[in-house]
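Spelled out, the chains give:
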Amino acid sequence: MNIYSIIKKPHVTEKTSLGSDTSNTVAIVVDRDANKIEIKQAVESLFKVKVDDVRTVNVAGKVKRVGKNFGKRSNWKKAYVTLQEGQSIDFFEV
């Protein structure tokens, strides 16, 4: 796997923004088959930061309804990446 297929996009919410400010943790949507070691290597090489810890969560897709038809969103994986002191990732750099 290359690093661009492992890291899909940042997961920016109020809760993850608070975690970014207080505990130097960022949330990233990653490939479902990626493991913690691959995620750590991809983040370190792509963003040029030092990673302290990686925690992953498999998120189940929600069942949605349109009229009388039911459908299911895809399952996805989220990684909480804790960076070392003094390191930061700004997803909104221009």
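Structure: see above.
Note that this is a predicted model, so its numbers are computed, not measured. (Residues numbered from 1 in each chain as written. Predicted model: local features only at pLDDT ≥ 70, side-chain atom pairs only at ≥ 80, totals over all residues. Heavy atoms only, no water.)

Asker: What should I look at first to understand the environment of Lys-77 in this one?
Answerer: Following the sequence through the fold, Lys-77 ends up in strand E6 (residues 76-83). Each residue touching Lys-77, except ones within four places of it in the same chain, is listed here: Ile-28, Val-29, Val-30, Asp-31, Arg-32, Ala-34, Thr-56, Val-57 and Asn-58. A polar atom in the side chain of Lys-77 sits 2.7 Å from the backbone oxygen of Ala-34. (Helix = DSSP H or I, 4+ residues; strand = E, 2+ residues; numbered from the N terminus. Contact = heavy atoms within 4.5 Å. Polar contact = N/O pair within 3.5 Å; in protein donor to acceptor, adjacent residues only side chain to side chain.)

Asker: What is the right way to look at the sheet that holds strand E1 (residues 7-10) in this model?
Answerer: Two modes of strand pairing occur in sheets, parallel and antiparallel, and in both the strands are linked by backbone hydrogen bonds. Read across the sheet, 4 strands follow the order E1-E2-E6-E3 without closing on themselves; strand pairing throughout is antiparallel. Where the open sheet ends on each side, the last strands, each with one partner, are E1 and strand E3 (51-59). Ignoring which end each strand starts from, the neighbouring axes of this sheet average 30° apart. Two elements, E1 and strand E2 (residues 25-30), share 3 bridges in a ladder whose sense is antiparallel. The residue of E2 that forms the bridge with Ile-7 is Val-30. Taken strand by strand, helix H2 (residues 14-23) contacts E2 and E6, and its axis lies near 135° from that of E2. Here helix H3 (residues 36-47) sits on the sheet and contacts E1, E2, E3 and E6; the angle it forms with E3, its principal contact strand, is near 125°. (Pairing = 2+ DSSP bridges. Axes fitted to C-alpha atoms, helices over the stretch in contact; angles between N-to-C directions.)

Asker: Would you take a moment to explain unusual backbone geometry for this structure?
Answerer: Where the residue is not glycine, phi is negative for most of them; where a peptide bond is considered, it is trans in most cases. Positive phi is not limited to glycine here, since Asn-24 has a value of about 55°. Within the element layout of this structure, Asn-24 appears in the loop between H2 and E2. Positioned with a positive phi, Lys-48 is a non-glycine residue whose angle comes to about 55°. Residue position: Lys-48 is located in the loop between H3 and E3. Given a relative accessible area of 68%, Lys-48 falls into the exposed group. (Buried < 20%, exposed > 50% of the residue type's maximum accessible area, 1.4 Å probe, protein only.)

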